[in-house]
Amino acid sequence: MWRQATFAAKAIDTSDKAAFYRDLAAQLKALLDGESDSIANAANTAALIFQMVPDLNWAGFYFLASDEELVLGPFQGKPACVRIAVGKGVCGTAVQLGTSMLIKDVHDFPGHIACDADSRSELVVLLEDDEGVFGVLDLDSPLPGRFDKEDQAGIETLAAIYAAASSFED
């Protein structure tokens, strides 16, 4: 069914992170409402996060193409690494360990994959559905220590909203 885009992101006060992420989650739900296409939803989710979350230089998705490899999905920012082995870099390590990864300084992370040399901190959260992990939502910042536990909780909520809204049928 064709539907016309009528969504417009509204500015959100960033002084209270918990309130910021609650408001951002509400905007994401409104943006994805009625759309189930996983690629379209990933593209709009990445765009909204990149537009609204301060101090990012990259926001996007990697999806599991197999048990051994993540492949680049929709994103905002500079061109990125296309394939990441599970267990490699921050994204692949998050999948291997089955947990979100909050990295204060990527230069201190053994095996970091530098797709953008300007990135200094990274937040990777898992994308999960009833069948398990199917990818990650990855955020990079040029600022060391940009992300904290409040950011992690907020982005995990956004990832869950994306996963719940999207259909992954072939």
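Refer to the structure printed above.
Given the structure is predicted, the values throughout are model-derived calculations rather than measurements.

Q: What should I look at first to understand the sheet that holds strand E6 (residues 132–141) in this one?
A: Working definition: the strands of a sheet are paired by backbone hydrogen bonds and lie parallel or antiparallel to each other. Strand order in the open sheet formed by six strands is E3-E2-E1-E6-E5-E4, and the pairing between neighbours is antiparallel. Looking at which strands have only one partner, the edges of the open sheet turn out to be strand E3 (83–85) and strand E4 (101–103). Pairwise comparison of adjacent strand axes, ignoring direction, gives a mean angle of 25° for this sheet. Relative to E3, strand E2 (residues 69–77) is paired through three bridges, and the arrangement is antiparallel. Of the residues in E3, the one forming a bridge with Glu69 is Ala85. In the packing of helix H3 (residues 89–97) onto the sheet, contacts are made with strand E1 (58–66), E2, E3, E4, strand E5 (121–129) and E6, and the angle to E5 comes to roughly 40°. Along the sheet face, helix H4 (residues 149–165) touches E1, E4, E5 and E6 and points at about 35° away from the line of E5.

Q: Honestly, the environment of Asp130 in this entry has me stumped. Any pointers?
A: With respect to the helices, strands and loops of the structure, Asp130 is situated in the loop between E5 and E6. Assessed through its relative accessible area of 85%, Asp130 is described here as exposed.

Q: I would appreciate a short explanation of the pattern of salt bridges in the present structure.
A: When their charged atoms lie close together, side chains carrying opposite charge are able to pair. Counted under the stated rule, the structure contains six salt bridges. The shortest N-O distance in the salt bridge between Arg146 and Asp151 comes to 3.2 Å. Residue class for Asp151 comes out buried when judged on its relative accessible area of 1%. If you follow the salt bridges from partner to partner, you end up with Lys17, Arg146, Asp148 and Asp151 in one network.

Q: Honestly, the packing of helix H1 (residues 17–32) against H4 in this entry has me stumped. Any pointers?
A: Think of two packed helices as two axes; the pair is described by the angle between the axes and how far apart they sit. In the contact formed by H1 and H4, the axes pass within 10 Å of each other and the chain directions differ by 15°. In this view, H1 runs roughly parallel relative to H4, as classed from their interaxial angle. The crossing of H1 and H4 is right-handed. Facing H1, whose interface residues are Lys17, Ala18, Tyr21, Leu24, Ala25, Leu28, Lys29 and Leu32, H4 presents Glu150, Asp151, Gly154, Ile155, Thr157, Leu158, Ile161, Tyr162 and Ala165.

Q: Looking at this structure, I do not really get the packing of aromatic side chains. What am I missing?
A: The way to describe two aromatic rings as a pair is by their centre distance and the angle between their planes. If you walk through the whole model with that rule in mind, you get six aromatic pairs. Here Trp58 and Phe75 contribute two aromatic rings whose centre-to-centre distance is 5.2 Å and whose plane-to-plane angle is 20°, an arrangement assigned as stacked. Linking Trp58 in strand E1 with Phe75 in strand E2, this pair joins segments that are 17 residues apart in sequence. Ring plane angle 10° and centroid distance 6.4 Å describe the contact between Phe63 and Phe134, whose orientation is recorded as stacked. One end of the pair, Phe63, is in strand E1; the other, Phe134, is in strand E6, with 71 residues separating them in the sequence. The two residues Phe63 and Phe134 agree in class, both being buried. Every member of this aromatic cluster is reached through a ring pair, and the members are Phe61, Phe63, Phe134 and Tyr162.

Rules used in this analysis
- Residues numbered from 1 in each chain as written.
- Predicted model: local features only at pLDDT ≥ 70, side-chain atom pairs only at ≥ 80, totals over all residues.
- Heavy atoms only, no water.
- Pairing = 2+ DSSP bridges.
- Helix = DSSP H or I, 4+ residues; strand = E, 2+ residues; numbered from the N terminus.
- Axes fitted to C-alpha atoms, helices over the stretch in contact; angles between N-to-C directions.
- Contact = heavy atoms within 4.5 Å.
- Buried < 20%, exposed > 50% of the residue type's maximum accessible area, 1.4 Å probe, protein only.
- Salt bridge = Lys/Arg side-chain N within 4 Å of Asp/Glu carboxyl O.
- Parallel < 35°, antiparallel > 145°, perpendicular 65-115°, else oblique.
- Left-handed = near helix turned anticlockwise from the far one by under 90°.
- Phe/Tyr/Trp six-rings, centres within 6.5 Å; stacked < 30°, edge-to-face > 60°.

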